[in-house]
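# Coordinates in review
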Amino acid sequence: MVLPICDVCLKSGMLCQGCENKLKSGEITQLDLDIAKLLYKLGEGTIGFKKTIEIGDVVIIVTEKDQVGKIIGKSGKIVRAISKKIGKKVRVIGEGSDFKEVAKDILAPARISGINIVYGTDGEEKYKIRVMREDSRRLPARLDLLNDIMKQLTHEKTVIVIDDL
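Quick look at the structure, then. (Residues numbered from 1 in each chain as written. Predicted model: local features only at pLDDT ≥ 70, side-chain atom pairs only at ≥ 80, totals over all residues. Heavy atoms only, no water.)

### So, the sheet that holds strand 3 (residues 89–94)
Strand order in the open sheet formed by three strands is 1-2-3, with mixed pairing between adjacent strands. The strands lining the two open edges of the sheet, one partner per strand, are strand 1 (51–55) and strand 3. Sheet twist, expressed as the average angle between the axes of neighbouring strands with direction ignored, equals 25°. The sheet contact formed by strand 1 and strand 2 (residues 58–63) spans five bridges and is antiparallel. Directly across from Thr52, in strand 2, lies its bridge partner Ile61. Strand contacts of helix 7 (residues 143–154): strand 1, strand 2 and strand 3, with the helix running at about 150° to strand 1, the strand carrying the most contacts. (Pairing = 2+ DSSP bridges. Helix = DSSP H or I, 4+ residues; strand = E, 2+ residues; numbered from the N terminus. Axes fitted to C-alpha atoms, helices over the stretch in contact; angles between N-to-C directions. Contact = heavy atoms within 4.5 Å.)

In structure tokens form, the structure reads like this:
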């Protein structure tokens, strides 16, 4: 189990000098601390994650691929508890996932109908992610926000569009 703060801090509720320094230097955020404490309680010390990314009203939890299911929990119970506690939508991404997996995880429960590489007139390369029209209402956030999330996670420019087929 990997968490941004040590077990001693999680058990005691007080930050040790090392974890306090991580917080002050910006290596971890208050959100990282809050989610670490919550996961420690809910998962009884067996669930870990690497970091959190907060963009608008969406929080992305980045973890190892084998921990994704544990963080989501049976029927989404754990991720729903986290979402309720922090008051934002939560998405869980496996570290080292390929572009298509990240797109699927971010846009779920909406289904992706296709991903294409589009070349602009200036030679700029973008990924065009097409979402089925009937799933457009199931997108977890606004399209511009989802594009920002994809850029931050994959370092690739994306354009998410609603497919008319």
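### Brief notes about the packing of aromatic side chains
Enumeration according to the criterion identifies one aromatic pair in this entry. With a centroid separation of 4.2 Å and an interplanar angle of 25°, the aromatic rings of Phe99 and Tyr127 are classed as stacked. Of this pair, Phe99 sits in helix 6 (residues 99–107) while Tyr127 is found in strand 5 (residues 125–132), placing the two residues 28 residues apart along the sequence. Here the two residues Phe99 and Tyr127 agree in accessibility, since each one is buried. (Phe/Tyr/Trp six-rings, centres within 6.5 Å; stacked < 30°, edge-to-face > 60°. Buried < 20%, exposed > 50% of the residue type's maximum accessible area, 1.4 Å probe, protein only.)

### What to know about the pairing of strand 2
Among the six residues in strand 2, six count as buried, and that is most of the element. Because side chains alternate across strand 2, one face comprises the buried residues Val58, Ile60 and Val62, and the other comprises Val59, Ile61 and Thr63, equally buried. Counting the residues between successive antiparallel strands, the hairpin from strand 1 to strand 2 contains two residues, one of them, Gly56, with a positive phi of roughly 60°. Examined bridge by bridge, strand 2 and strand 3 share six bridges and lie parallel to one another. Looking across to strand 3, one finds that Val59 is bridged to Val90.

### Quick word on the layout of surface pockets
What the largest pocket holds in volume is close to 190 Å³. Contributions of two or more residues to the lining of the largest pocket are made by strand 1, strand 3, helix 6 and helix 7. The residue inventory of the lining of the largest pocket, partitioned by class, reads six nonpolar, five polar and three charged. Quantified by volume, the second largest pocket comes out at close to 160 Å³. In terms of residue count, helix 3 (residues 30–42) provides more of the lining of the second largest pocket than any other element does, five residues in total. When grouped by side-chain class, the residues that make up the lining of the second largest pocket number three nonpolar, no polar and four charged. (1 Å grid on protein atoms, 1.4 Å probe; cavity = no way out; pocket = protein on both sides within 12 Å on 5 of 7 lines; lining within 4 Å. Points joined across faces, edges and corners; volume = space filled by probe spheres on them. Nonpolar A, V, L, I, M, F, W, Y, C, P; charged D, E, K, R; others polar.)

By themselves, these are just geometric observations and shouldn't be taken as functional.
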